[in-house]
Amino acid sequence: MSTLQNRTAKSGRETFTSGLAVFFATLGSAVGLGNIWKFPYLTGQFGGGAFLLVYFLCILFVGLPVMLGEFYIGRKTRKNAVGAFQQLKPVSGWKHIGTMGVAAAYLIMFFYSCVAGWVYYYLYKAVKGDFIAITPESVKTQFTDVIIGPVSPILWQVIVMAVVGGILILGVRKGIERITKTLMPLLFVLIVICGIRAITLPGAYEGLKFLFHVDFSQLSAAAILTAMGLAFFKLSLGMGTMITYGSYFTADNNLFGTAAKVALSDTIVSMLAGIAIFPTVFSFGMEPGAGPGLLFMTIPLVFSKMPFGNLLLIAFFFLTSIAATTAMLSLVEVLVAYFSEELGFSRRNAAIINAVIICGVGMLAALSADQASLLGNVTFLGRGFFDWFDYISSNILLPMGGLFIAIFIGYFLKKDDIKKELSNQGNLTIDKLIDVYFVIIRYVTPALLVIVFLNSIGIIKV
Ligand code: PHE
């Protein structure tokens, strides 16, 4: 306790207070709309089991090693994403990996805050009882009404940013730590309840079969790139989030342990979300490849048909709001830490300014989410604003950031330094683990990333 306080006082920088706080905050970053919204609809679009298998491999051989690398960079330097690279390699262009991360944080927030706005709005509608008499037809109209607006999606996006900004102003401990420690366990309980309920539906078997049946003929280059992008997005990697959070970790935290626990728990939450959603899709004869609206159209329908359905629905959208909010805390914290440490803003101003920027530009996403939206017809190369923000960040910037981080860790830093930090100055015996880690981060992770990139642009065919 006293050492913690000393360190905080010395550097003027906050840290989380315990291992449990580190775990919940980091899991809070990983678990988000990625699990509950993106994961099911992408798995649906790209054919189920085979996509899932590729996704698992990406988590294991790319996600986990990059996550550990980011933890290292953050905790070693105790700096924001840009400052951290700067400190490790002062005279070089490496700090621009951090700059790229800042750009990715904005792009993700532009559309993420919009979808989070829909989720908050759905929670409000569930509380009002709007879904009690829902039918397969009206669920679709309700969804398009919510996303087309044009006033309501923007209004809810602003509410979302006010909540996120407000929590961040409170700081690392009083804001991020307190919120994630209280809400993450609740989220877990709620999603288990929803998953159990969905699995007992008629038609559930079809849904589970879809999720777990592996058919490699379904697998395209686009599917593999998407699975890789999803792995990065899911674990909040390749853009400095885990560097920034790592910089707040306690000195005695076992970084290997935290990375493994977070990746595993995050995957369990995604599976539970898939288990809650796909049985519903099949028992109501809906389309698993329905796209971004999947979550919003299936869940109200299924829960409205059961006893205490509206309560379950409220629980579900509440848990999704929690997931989205805690993930956004980590996204915007990348910006807040950068603005306050590199550009000299106060924490409060950094949070406010970034919330305003995100609302301002994010409006473009909110107004282009559907064909019928105000800017629904504005497209470049076949994609509107919403889709571009998502595509550039998830499928390009994050995996590219990951590739650079792997190369940086594997080739540009001293193995001994890394060993020292990851073993907590020799307190943990991890010699063998470090050797395995180095083989993976040097050869396996970059090779897989390069293959996936080349494959996706058609230069090589897998
Ligand atoms: N991991 C979050 C999710 O799954 C999204 C996220 C991406 C958060 C990148 C931080 C950084 O929803």
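Residues numbered from 1 in each chain as written. Predicted model: local features only at pLDDT ≥ 70, side-chain atom pairs only at ≥ 80, totals over all residues. Heavy atoms only, no water.

**Examining the packing of aromatic side chains**
Then comes step 1: Counted under the stated rule, the structure contains 36 aromatic pairs.
Then comes step 2: Taken together, the aromatic side chains of Phe111, Tyr112, Trp118, Tyr122, Phe131, Phe143, Phe233, Phe296, Phe316, Phe317 and Phe386 make up a single cluster linked through ring pairs.
Then comes step 3: In this structure, Lys261 packs its charged tip against the face of Phe23, placed 5.7 Å from the ring centre.
Then comes step 4: One residue, Arg442, lies across the ring of Tyr411, its end atom 5.6 Å from the ring centre. (Phe/Tyr/Trp six-rings, centres within 6.5 Å; stacked < 30°, edge-to-face > 60°. Lys NZ or Arg CZ within 6 Å of the ring centre and 35° of its normal.)

**Some remarks on the site of the ligand**
Then comes step 1: Taken together, 16 residues lie around the ligand, and Ala30, Gly34, Tyr112, Phe233 and Lys234 are the ones closest in.
Then comes step 2: In this structure, Tyr112 approaches the ligand through a side-chain N or O atom, which is 2.4 Å from an oxygen atom.
Then comes step 3: Contact distances for the ligand include 2.8 Å between a nitrogen atom and a backbone N or O atom of Phe233.
Then comes step 4: Notes on the ligand: free accessible area 320 Å², of which the protein chains cover 100%.
Then comes step 5: The site holding the ligand turns out to be the largest cavity.
Then comes step 6: For the shell around the ligand, the secondary structure elements donating two or more residues are helix 2 (19-30), helix 3 (33-45), helix 6 (95-128), helix 11 (221-234) and helix 15 (309-342).
Then comes step 7: Tallied by class, residues from the shell around the ligand come to 8 nonpolar, 7 polar and 1 charged. (Near = heavy atom within 4 Å. Polar contact = N/O pair within 3.5 Å; in protein donor to acceptor, adjacent residues only side chain to side chain. Areas by Shrake-Rupley, 256 points an atom, 1.4 Å probe, with all protein chains shown as cover. 1 Å grid on protein atoms, 1.4 Å probe; cavity = no way out; pocket = protein on both sides within 12 Å on 5 of 7 lines; lining within 4 Å. Sits in = over half its atoms within 2 Å of the grid points. Helix = DSSP H or I, 4+ residues; strand = E, 2+ residues; numbered from the N terminus. Nonpolar A, V, L, I, M, F, W, Y, C, P; charged D, E, K, R; others polar.)

**Focus: unusual backbone geometry**
For residues other than glycine, phi is negative in most cases, and the peptide bonds are mostly trans.
Then comes step 1: A cis amide bond links Gly149 with the next residue in sequence, Pro150, at an omega value of 10°.
Then comes step 2: Here Pro150 lies in the loop between helix 7 (136-148) and helix 8 (151-170).
Then comes step 3: The backbone phi angle of Leu381 is positive, close to 50°, even though this residue is not glycine.
Then comes step 4: Assignment of secondary structure puts Leu381 in the loop between helix 16 (347-366) and helix 17 (385-412).
Then comes step 5: For Leu381, a relative accessible area of 79% corresponds to the exposed category.
Then comes step 6: Positive phi outside glycine occurs at Asn424, with the angle close to 50°.
Then comes step 7: Within the fold, Asn424 resides in the loop between helix 18 (415-422) and helix 19 (431-456). (Buried < 20%, exposed > 50% of the residue type's maximum accessible area, 1.4 Å probe, protein only.)

**Remarks on the environment of Val189**
Then comes step 1: With respect to the helices and strands, Val189 occurs in helix 9 (residues 172-199).
Then comes step 2: Residue class for Val189 comes out partly exposed when judged on its relative accessible area of 48%.
Then comes step 3: Counting along the chain gives 130 residues from Val189 to Leu319, while the straight-line C-alpha distance between them is 9.3 Å.

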